Amino acid sequence: MELYRILIGKPGLDGHDRGAKFIARALRDAGFEVIYTGIRRTPDEIAASAVQEDVAAVGLSSMSGAHARLFPAVLEALDKAGAKDIPVLGGGIIPAEDIPRLKKAGISSVFTPGTPVDTIINAFREACCQHHQQRC
Amino acid sequence: MSKQDPALQEWQDNELARTLARFPERKEAFTCHGGRPVERLALPKEIDEAYQDKLGFPGRYPYTRGVQPTMYRGRLWTMRQYAGFSTAAASNERYRYLLDQGQTGLSVAFDLPTQIGYDSDDPMALGEVGKVGVAIDTLADMEILFDQIPLDKISTSMTINSPAMVLLAMYIVVAEKQGVKAEQIMGTIQNDLLKEYVARGTYIFPPRASLRLITNIFQWCSANAPRFNTISISGYHIREAGSTATQEVAFTLANGLTYVQTALDAGLDLDVFAPRLAFFFNASSNLLEEAAKFRAARRLWARLMKERFQAEKPSTMMLRFHTQTAGNTLTAQQVDNNIVRVTIQALAAVLGGTQSLHTNSRDEALSLPTEDSVRTALRTQQIIAHESGVADTVDPLAGSWYIEELTDAIEQEALDLINQVDEFGGVVACIENGFIAGQIEDAAYQYQQQIESGERVIVGVNEFQVDEDVEVPVMRLDPAVEDEQVRQLKQVKAERDQEAVRQCLADLENAARSDSANLMKPVLAAVRAYCSLGEICGVLRGVFGEYRGRAW
Amino acid sequence: MQPAQLLEQLLERLHRGDSRSVARAISLVEDQTELGPAIMQGLDQQRLDTALTVGITGPPGAGKSTLTSALVHHLREQGLRVGIIAVDPSSSLTQGALLGDRIRMMDHALDRDVVVRSMATRGRLGGVCASAGAAMRIMAASGCRIILIETVGIGQSEMDIASLADITLLVLAPGFGDDIQAMKAGILEVVDLLVINKADMPGSRKLLLDLGRETANSDRVLETVASERQGTETLLERILAFETELRQEEEFKQRRQRSLNKETVDWSIELIRARLTDLVDNEFLTGLDQDPRAAAEQVLSDVLRNSLTFQR
Ligand SMILES: Nc1nc2c(ncn2[C@@H]2O[C@H](COP(=O)(O)OP(=O)(O)O)[C@@H](O)[C@H]2O)c(=O)[nH]1
Ligand SMILES: [Mg+2]
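Residues numbered from 1 in each chain as written. Chains lettered and ligands numbered in written order. Predicted model: local features only at pLDDT ≥ 70, side-chain atom pairs only at ≥ 80, totals over all residues. Heavy atoms only, no water.

Across its full length, chain A holds 5 helices and 5 strands. When the helices and strands of chain A are listed from N to C terminus, the series reads β-α-β-α-β-α-β-α-β-α. Relative to the globule expectation of 14 Å for 136 residues, the C-alpha radius of gyration of chain A, 13 Å, shows essentially globular dimensions. Taking the principal axes of its C-alpha atoms as reference, chain A extends roughly 35 × 30 × 25 Å. (Helix = DSSP H or I, 4+ residues; strand = E, 2+ residues; numbered from the N terminus. Rg over C-alpha atoms; globule rule 2.2 N^0.38 Å.)

This is the structure in structure tokens:
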């Protein structure tokens, strides 16, 4: 089985990373190599890290409502860093009406409280698999 | 009959008699439906040594049964609900309304930039200004926040940690401008920085610098503001981060011991500052375990204070605490179920002898609560207080084999864990080497895995679901709030005496560089000169450096 | 694009220091793709020769990452491009890994001339040495003057990884007594420099003394407070002086030679494992009455005599 590298980032100021860490561990237990940036990262820092680590996907978590501004900002930062191809998935306390907007902006999957962890793992696996197929 | 027991008699003649003389009970007589009297304190047939050693009498070492002799028969716990508002003006309006309604305590929540020491115009603050509480940049904001509120009459609780010194200084200066002296102000700052590194995440500086700030505050306040509680040692967030009940007790008390040791090292008098230490715990859903947890924490703290620091004065050994029901147990599914959860949790806190209580609102999992749900949350407390009867007798669960076994077990396990932390070099070392965070994360992971696998049932989430649209309400904040806050900050910065600002910040930097200086004084001066929170914390960031969390 | 073209483009960008290409090249080698060997052969040998690699090892929490970050700070002040490889263990059960060292490097996150790569051991015998060695060379070819490689632990395998480097550093701190006891003897024979970090904490002098008089008096022992960058500039000077010394004395070449040999063995094992598995499963088939050890001898002698086809 192929090994996928992913990056979990927490943009914004909220320090509640219980969810982000749970997902990171669950992904590790599902066989991923997970790089965690820690809390309070700017979109540029997350994008630069994703590029240097050559990850196959980026996962973002936000609990303070900052997703609406920060998730798209990470997409922009990735684009600027020449890494538009890296899929970005996001989760946290995200109102239903924001989801279409985030997807339109380019977030490939959005998870809300109560999404089963297996669904999240599968979404990452799929995103990574697609990304690996594109790379040489 | 045990009622003639000499030990009991002695307690009745001393602690109880003194308390009754000063604070009569709420009612002449407490009775069940039908008139049967409710005993103040149920006791075993025989008051033997084992009983005295483990449980004793309320208001007496080891305080297992409570810190006051009559507990809620004398006075109910304080029902304290807080909420965050985006601007100082809006909060001020709300506070004045609450005070008109007879409330005597205020509670302030700050937005994240304030909690992390950034001004509202800092790039890091973008999109977060006024979001989870009020934004405070300079003394000007604090003046608006407490406008026409008499700071000699009310007590204010501020949920602030890393920049606690700055906010406290602003509070003191506002009081000063009202003609209220520092020695008159009352309230609490959370100021518990150690738990930020392992749980809550609003740290700024490295642990050692944080301990210095805390000690400086202890020192200054014990001399100048003796009625102010200088810390609230918080297990709440440790639990929210996923710890077990035992870990919550262990790590919170370990933090407490660290503060005590640091203060003693700085030459403070144990019996002066220890009675000012307040604790803050979480009440989760396992009713009996939680009730036992509070009892165990109380006994363990008293023992630790006595054995490690030779404390003798009762108020030095007493663990007094505030409780909040567990936010992490609230579900987005079938939100009304949360009212039931909160009821059980609040009941645990009361059965465990809490001094004050915040009950979460049913919709608090996902957003700021509505007014209706805040009322229901408060009513929950009132029903427990006035209808359930559990407040009419002291420590009603005592003597249950299960409860006493649990209390013993939690105490022992927590003590073992505290000893382990000591072995690994103490709390600061265990923050840095990841031991504490690792323990919490392992527990959180296991718990969540049990939910995912269905081994642990969460009603409405992994069982008993209904078809419903889980509504995550929108918490969009008017962007004008941020713009206005930034505009005001710019104005304050433009109008102040720039030379004074420069001087104050330079003085602060010099003081910070010398280990022996107390930073309260230069911070008070800086605040008076309208230096901003971001500028002050910026200077300290420059001297102390910034802490970076660890991944696992 | 044709593979040849792709390769050329990748190499060209990599040598210009393009982050994305450096990172991708490392992945392609680490994942053992077909392009891997060609990438490695296309690297600028001169840059590999001038670069210095430094292995940093020690128990978790001793301050390796903080120290690394401090060294990076000083190197950047001198305008030098730096590479960092942070190795963490993979779970032997699931193959997955949590890579957390990056958090301490975030001060340099936006600096294009600080190349950071987190790497999991991927549970392979020696395998990580192979990948880490490749990553070091790719970073060197991209213009990194110094490459720091951080590994956790003070066991044999961590030492192995660290010893890929030209110079090795062991970081200890007070409060990790048990680990240190185990390796008290001859600590200075295994590493080039011993760093006692957290010198601001009680117990650091005692740690030094515990390690023995010889250690305490050696000029190969330094004290630092990495979190405040105290002593770290001196440490860097010492590292660079040591490099000069080594380069003057041929020792540098010998060290390189040793680690290249070691990497070759690692890669051989890495490559041979898959093919051997295939071979034994499909062609050789150990007899039910055969002892595996004896069977292995036979496989090996057959292979070495090249009498069995050795195919992918
Ligand atoms: N007091 C003190 N703390 C340090 C020092 N160096 C690192 N730390 C802290 O020790 C903890 C572990 O550091 P880290 O670099 O992650 O250690 P690693 O696991 O060896 O990489 C962090 O909290 C650092 O801030 C030091 O010299 N003094
Ligand atoms: Mg590290």
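A word on the sheet that holds strand E3 (residues 57-62) of chain A. Overall, parallel pairing links the 6 strands, which are arranged E5(A)-E4(A)-E3(A)-E1(A)-E2(A)-E3(C) in an open sheet. Looking along the sheet, the strands with just one partner apiece sit at the ends: strand E5 (109-111) of chain A together with strand E3 (97-99) of chain C. Ignoring strand direction, the axes of neighbouring strands in this sheet form an average angle of 20°. Sheet topology note: the strand E1 (residues 5-9) of chain A/E3 of chain A ladder contains 4 bridges and is parallel. Among the inter-strand pairings, Ile8 of chain A is bridged to a residue of E3 of chain A, identified as Gly59 of chain A. (Pairing = 2+ DSSP bridges. Axes fitted to C-alpha atoms, helices over the stretch in contact; angles between N-to-C directions.)

Looking now at the interface of chain C and chain A. Each partner contributes residues to the interface: chain C has 31 residues there, and chain A has 31 residues. Around 2,700 Å² of area is buried between chain C and chain A when both sides are counted, 53% of it from carbon and sulfur atoms. On the surface where chain C and chain A come into contact, there are 4 salt bridges. In this structure, Arg20 of chain C and Asp85 of chain A form a salt bridge, with 2.8 Å as the shortest nitrogen-oxygen distance. Viewed at the interface, chain A and chain C are joined by 18 residue pairs in polar contact (both at pLDDT 80 or more). Mapped by element, the contributors of at least two residues to the side of chain C that touches chain A are helix H2 (19-30), E3 and strand E4 (114-120) of chain C. When its residues are assigned to classes, the side of chain C that touches chain A shows 16 nonpolar, 7 polar and 8 charged. Judged from the 3 bridges that link them, strand E2 (residues 33-36) of chain A and E3 of chain C form a sheet pairing that is parallel. (Contact = heavy atoms within 4.5 Å. Buried area = accessible area lost by both parts, 1.4 Å probe. Salt bridge = Lys/Arg side-chain N within 4 Å of Asp/Glu carboxyl O. Polar contact = N/O pair within 3.5 Å; in protein donor to acceptor, adjacent residues only side chain to side chain. Nonpolar A, V, L, I, M, F, W, Y, C, P; charged D, E, K, R; others polar.)

To continue, consider the side chain of Asp192 of chain C. Residues and elements named next belong to chain C. Within the secondary structure layout, Asp192 lies in the loop between helix H9 (187-190) and strand E7 (193-196). At 2.8 Å, the side chain of Asp192 forms a polar contact with the side chain of Arg255. In this view, Asp192 contacts Asp166, Ile167, Thr168, Arg220, Phe242 and Arg255; residues no more than four positions away in its chain are not counted.

What follows concerns the site of ligand 1. Close to ligand 1 lie 20 residues; Gly61, Lys64, Thr66, Arg104 and Ala226 of chain C are nearest. Neighbouring residues of ligand 1 are not confined to one chain but are distributed across chains B and C. Here Glu432 of chain B contributes a side-chain N or O atom positioned 3.5 Å from a nitrogen atom of ligand 1. Asp200 of chain C has a polar side-chain atom sitting 2.9 Å from a nitrogen atom of ligand 1. Here ligand 1 has 580 Å² of accessible area as a free molecule, and 94% of this is covered by the chains. At 3 residues, the largest contribution of residues to the shell around ligand 1 is made by helix H5 (residues 64-77) of chain C. Its residues assigned to classes, the shell around ligand 1 comprises 6 nonpolar, 6 polar and 8 charged. (Near = heavy atom within 4 Å. Areas by Shrake-Rupley, 256 points an atom, 1.4 Å probe, with all protein chains shown as cover.)

It is worth spelling out helix H16 (residues 401-423) of chain B at this point. Residue and element names in this part refer to chain B. Over its 23 residues, H16 extends 33 Å from the first C-alpha to the last, a length consistent with the 33 Å expected when each residue adds 1.5 Å. Regarding H16, the residues found buried are Ile403, Glu404, Leu406, Thr407, Ile410, Glu411, Ala414, Leu417, Ile418 and Val421. Looking at the packing, one finds that the buried side of H16 touches helix H10 (245-265), helix H12 (287-309), helix H17 (426-432) and helix H18 (435-453). Looking at the residues trailing H16, positive phi occurs at Gly425, about 105°. (Expected span 1.5 Å × (residues − 1). Buried < 20%, exposed > 50% of the residue type's maximum accessible area, 1.4 Å probe, protein only.)

In this section: the sheet that holds strand E6 (residues 231-234) of chain B. All names here are of chain B. An order of E1-E9-E8-E7-E6 is seen for the 5 strands of this open sheet, with the pairing classed as parallel. With partners counted over all chains shown, the strands left at the sheet margins are strand E1 (78-79) and E6, one partner each. As paired strands, strand E8 (residues 321-325) and strand E9 (residues 356-358) are joined by 3 bridges and run parallel to one another. The partner of His322 across the bridge, within E9, is Ser356. Packed onto the sheet, helix H14 (residues 337-351) meets strand E7 (277-283), E8 and E9 and runs at close to 165° relative to E8.

Enumeration according to the criterion identifies 20 aromatic pairs over all chains in this entry. With 5.1 Å between their ring centres and 85° between their planes, Phe146 of chain B and Tyr171 of chain B make a pair best called edge-to-face. Taken as a pair, Phe146 of chain B in the loop between helix H5 (139-145) and strand E3 (155-159) and Tyr171 of chain B in helix H6 (residues 164-177) lie far apart in primary sequence, 25 residues in all. Phe146 of chain B sits in the buried class, given a relative accessible area of 0%. Ring geometry for Tyr197 of chain B against Tyr203 of chain B: centres 5.6 Å apart, planes inclined by 10°, an arrangement best described as stacked. Accessibility classification places Tyr197 of chain B together with Tyr203 of chain B in one group, the buried group. Grouping aromatic residues by their ring pairs yields a cluster made of Phe279, Phe281, Phe294, Trp301 and Phe321 of chain B. Positioned over the ring face of Tyr61 of chain B is Lys306 of chain B, at 4.2 Å from the centre of the ring. A cation over an aromatic ring shows up here: Arg247 of chain C above the ring of Phe252 of chain C, its NZ or CZ 3.9 Å from the ring centre. (Phe/Tyr/Trp six-rings, centres within 6.5 Å; stacked < 30°, edge-to-face > 60°. Lys NZ or Arg CZ within 6 Å of the ring centre and 35° of its normal.)

Cis geometry marks the peptide bond from Tyr61 of chain B to Pro62 of chain B, where omega comes out at 0°. A positive phi angle, near 60°, is found at Arg40 of chain A, a position not held by glycine. With respect to the element layout, Arg40 of chain A can be found in the loop between E2 and helix H2 (43-52). Of note, Asn191 of chain B is a non-glycine position whose phi angle comes to about 50°, a positive value. Mapped onto the fold, Asn191 of chain B is located in the loop between strand E4 (186-189) and helix H7 (194-200). You can call Asn191 of chain B buried: its relative accessible area is 1%.

Right, let's get into the nonpolar core. By size, the foremost hydrophobic cluster in this structure holds 115 residues, and its most contacted members are Leu27, Phe32 and Phe124 of chain A together with Trp77, Leu253, Trp301 and Met305 of chain B. Broken down by element, the residue count for this core peaks at 11 residues, all from H12 of chain B. Per-domain counts for this core show at least three residues from each of domain 1 (6-69) and domain 2 (204-464) of chain B. Every residue in contact with Leu253 of chain B, bar those within four places of it in the chain, is listed here: Phe279, Ala297, Leu300, Trp301, Leu304, Leu319 and Ile418 of chain B. (Core = buried A, V, L, I, M, F, W, Y, C linked by side-chain atoms within 4.5 Å. Domains from an automatic or database assignment.)

Moving on to the confidence of the model for chain B. Chain-level pLDDT for chain B is 93 on average; 97% of the residues reach the 70-or-more range. Across the whole predicted complex the pTM is 0.89, and at the interface the ipTM reaches 0.93. (pLDDT = per-residue confidence, 0-100.)

Summed over the entire model, instances satisfying the criterion amount to 67 salt bridges over all chains. Taking the shortest distance from any N to any O, the salt bridge between Glu25 of chain B and Arg40 of chain B comes out at 2.7 Å. Highlighted residues: Glu25 of chain B in the loop between helix H1 (6-22) and helix H2 (49-54) and Arg40 of chain B in the loop between H1 and H2, separated in sequence by 15 residues. Exposure remark for Glu25 of chain B: the relative accessible area of 15% places this residue in the buried category. Under the relative-accessibility criterion, Arg40 of chain B is labelled partly exposed at 24%. Ionic pairing is found between Asp107 of chain C and Arg548 of chain B, a salt bridge with its closest N-O pair at 2.6 Å. With Asp107 of chain C in the loop between E3 and E4 and Arg548 of chain B in the segment after helix H22 (533-544), the pair connects residues from two separate chains. Relative accessible area serves as the criterion here: at 22%, Arg548 of chain B is assigned to the partly exposed category.

Here we come to the state of the cysteines. Using the criterion set out here, one finds 0 disulfides over all chains in the structure. Note on Cys128 of chain A: no disulfide assigned, nearest cysteine sulfur contributed by Cys129 of chain A at a separation of 8.6 Å. (Disulfide = S-S within 2.5 Å.)

This part is about helix H3 (residues 67-80) of chain A. All names here are of chain A. For H3, built from 14 residues, the straight-helix expectation of 20 Å at 1.5 Å per residue is met to within 8% by its first-to-last C-alpha distance of 19 Å. Buried within H3 we find His67, Leu70, Phe71, Pro72, Ala73, Val74, Leu75, Ala77 and Leu78. For H3, the secondary structure elements touched by its buried residues are H2, E3, strand E4 (88-92) and helix H4 (98-105). Trailing H3 by a residue or two, Gly82 shows a phi angle of about 75°, which is positive.

Contacts between the two partners involve 41 residues from chain B, matched on the other side by 33 residues from chain A. For the chain B and chain A pair, buried surface summed over both sides reaches about 3,000 Å², with 56% attributable to carbon and sulfur atoms. With a closest N to O distance of 3.7 Å, Glu441 of chain B and Arg25 of chain A form a salt bridge. Counting across the interface, chain B meets chain A through 11 residue pairs in polar contact (both at pLDDT 80 or more). Taken together, the elements giving at least two residues each to the side of chain B that touches chain A come down to helix H4 (112-115), H7, helix H9 (236-240) and H18 of chain B.

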